[in-house]
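# Observations on the model geometry
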Amino acid sequence: MDISIIIFLLGGLFLGWSLGANDAANVFGTAVGTRMVRFKTAAIVCSIFIILGAIISGAGTTETLGKLGSINALPGAFAACVAAGISVYLMTKAGLPVSTTQAIVGAIVGWNLYTGSATNIKVLITILGTWVLCPVISGLIAMGFFTLTKNFILKRKLHILRLDAYTRTALLLAGAFGAYSLGANNIANVMGVFVPISPFTDISISSFFVFSSKEQLFLLGGLAIAVGVFTYSKKVMFTVGNDLLKMSPVAAFIVVISHSIVLFLFASQGISNFLQSINLPSIPLVPVSSSQAVVGAVIGIGLLKGGKEVQWSVAGRITIGWFTLPIIAALISMILLFILSNIFNLTVSF
Amino acid sequence: MFGLKSSSLFSDTKKLEREIDGFVDILSEVGLVFKSIVPTYLNHSANGKFDEMVEKVKEMESKADKITKEVEHTLYEETLIPDARSDVLRLLEHMDELIGMYQGNCYHFSIQKPNFPKEFHQDLIELTETVVNCVEALCLTVRSFFRDIKSVRDNGHKVTFYEKESDIKFSALARRIFDSELPLDQKMHLRYFVEKIDRICDQAEDIADEVQIYAIKRSV
């Protein structure tokens, strides 16, 4: 493999690391922050299930992202990933929970604008639409789950210690599901732009099992995410668990499960096909933001409690961040593309 | 699973549940013994039985201390109920103090041997019964904190009710003692005992108030 290919892939791996450090914190942040699950346990479960989700169910959202703008040169893909990674880093520094999803979409649109490629407006509108839908659906699911769980706990009269044991187990299972969904839904952000220009070739192990080049890319991306989880997510998890979401362990579980369901819904080809088969509008397979899902769920629970606990000014600031991030990512992407094509004389599109 | 031993988690949980239940049982049983101790003391003919009962209270107090330490260790070592751990431990400590108050009363009766004239016996027995009922209501409040959060308020209300009853009985008895023809030193001595028994109720009410706050904090 050409050394330059490895260098360019590093851009994607950097974004993967950033996803592992930030987005993965949404999955286990409340569990680790409230000390219900140990960081080591969370990191191992999170890494395994993110990689599984990416390899098994990562194709759907990748296809959608590919339709938005098919980056056809490795240096271009590199610029998009690095731009997304930097913008996520900047927003995280500013204390705003953002996701790689918004960043990569902005970066791809930046590539389209710089190279003069057409942006598929229909796909862009679908993606932007899901960004509105995602927190709303997550909030509604959280409200439903919260009511059900609260009534269940009150009715069953569980001992505080048994409830604690069940909550720990539930948090771990919901976290595993969340990590799988995150891998399935967000691997497109990390490796999606490299799929059309994958440097790998299919590997056949006997005639039954073929490890496709796309799956190899996803495995690599999944590993980068896992490294992000192990090296940097601990701090973010404690921030999410203690500062952003100060809530009971049971409410933390509701947030994780709601977030996981939303991510799974927007990544599951099976559910999408099933809805189509019974003549219902199918769910677009779009990479959604785990931060949006988490914030939506928290606000949902807050509203159910009367809305007084919701910090609306913070919610507003976060929302502004969601709009700003893709724009910043697009601008950084264009600057990087300019540098790569004019200073390093690299071809950023064909 | 991956460092979190689920089987150990659930077995630890069951063991702790039993220990906490056992602790509340001890508080309740000490109260019942105390309820018998006072009339037994007043009936001088059964002094051997009285000493036996004081010894029983002492044993139960040691058992409660042991449970408190075990629960404390397990809760911290296994990092269980992180959100309610300090509340639960404080609750157990305060309940342990209540057991200590029962024991203290028994010792004071045993050592100082207050001389209650017959005319005050019935009032003292009734005051003791109200105090024990108050602690019984507290036991229910604590049990509901652990299992049935919705009932905490109702049971807590009963504690308040008995505490008020106890105050009324204490005041009436203290007044009767000081209105009597007894020498002042004896009056003071008897008042000390009556007040010490009544204080158990004050402590029980404080704990019940605490539990109600913990219950609000515990709400999902």
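Above this note sits the structure.
Please read these numbers as outputs of a predicted model, since none were measured by experiment.

## Looking at the environment of A:Ala77
Residue and element names in this part refer to chain A. With respect to the helices and strands, the residue Ala 77 is situated in helix H4 (residues 74-93). C-alpha of Ala 77 to C-alpha of Arg 317: the two residues are 240 residues apart in sequence and 30 Å apart in space. What Ala 77 contacts, discounting residues up to four positions off in sequence, is Ile 71, Val 193, Phe 194 and Ile 197.

## Some points on the pattern of salt bridges
Residue and element names in this part refer to chain B. Using the criterion set out here, one finds eleven salt bridges over all chains in the structure. Across the salt bridge formed by Glu 195 and Arg 199, the nearest N and O atoms sit 3.1 Å from each other. Taken together, the positions of Glu 195 and Arg 199, both in helix H6 (residues 184-218) and four residues apart, correspond to about one turn of that helix. For Glu 195, a relative accessible area of 23% puts it in the partly exposed group. Residue class for Arg 199 comes out partly exposed when judged on its relative accessible area of 44%.

## Comments concerning the nonpolar core
Membership of the largest hydrophobic core comes to 101 residues, with the highest contact counts inside it found for A:Phe28 and A:Phe194. Of all hydrophobic cores here, the second largest spans 73 residues; its members include B:Leu89, B:Phe146, B:Val152 and B:Val159.

## Observations regarding the side chain of A:Ser291
Residues and elements named next belong to chain A. Here Ser 291 shows up in helix H11 (residues 290-304). The class for Ser 291 is buried, based on a relative accessible area of 2%. Within the structure, Ser 291 has its side chain in polar contact with the side chain of Asn 26 (distance 3.2 Å).

## A short note on empty space enclosed by the protein
Tallied over the full model, the rule gives three cavities of 30 Å³ or more. The volume enclosed by the largest cavity comes to roughly 150 Å³. Around the largest cavity, the lining comprises 13 residues; the ones closest to its centre are A:Leu163, A:Pro249, A:Val250, B:Asp83 and B:Arg218. Sorting the residues of the lining of the largest cavity by element identifies helix H7 (160-191) and helix H9 (249-265) of chain A as the ones contributing at least two each. In terms of residue count, H7(A) provides more of the lining of the largest cavity than any other element does, four residues in total. Counted by class, the lining of the largest cavity contains eight nonpolar, two polar and three charged residues.

About the criteria used
Residues numbered from 1 in each chain as written. Chains lettered and ligands numbered in written order. Predicted model: local features only at pLDDT ≥ 70, side-chain atom pairs only at ≥ 80, totals over all residues. Heavy atoms only, no water. Helix = DSSP H or I, 4+ residues; strand = E, 2+ residues; numbered from the N terminus. Contact = heavy atoms within 4.5 Å. Salt bridge = Lys/Arg side-chain N within 4 Å of Asp/Glu carboxyl O. Buried < 20%, exposed > 50% of the residue type's maximum accessible area, 1.4 Å probe, protein only. Core = buried A, V, L, I, M, F, W, Y, C linked by side-chain atoms within 4.5 Å. Polar contact = N/O pair within 3.5 Å; in protein donor to acceptor, adjacent residues only side chain to side chain. 1 Å grid on protein atoms, 1.4 Å probe; cavity = no way out; pocket = protein on both sides within 12 Å on 5 of 7 lines; lining within 4 Å. Points joined across faces, edges and corners; volume = space filled by probe spheres on them. Nonpolar A, V, L, I, M, F, W, Y, C, P; charged D, E, K, R; others polar.

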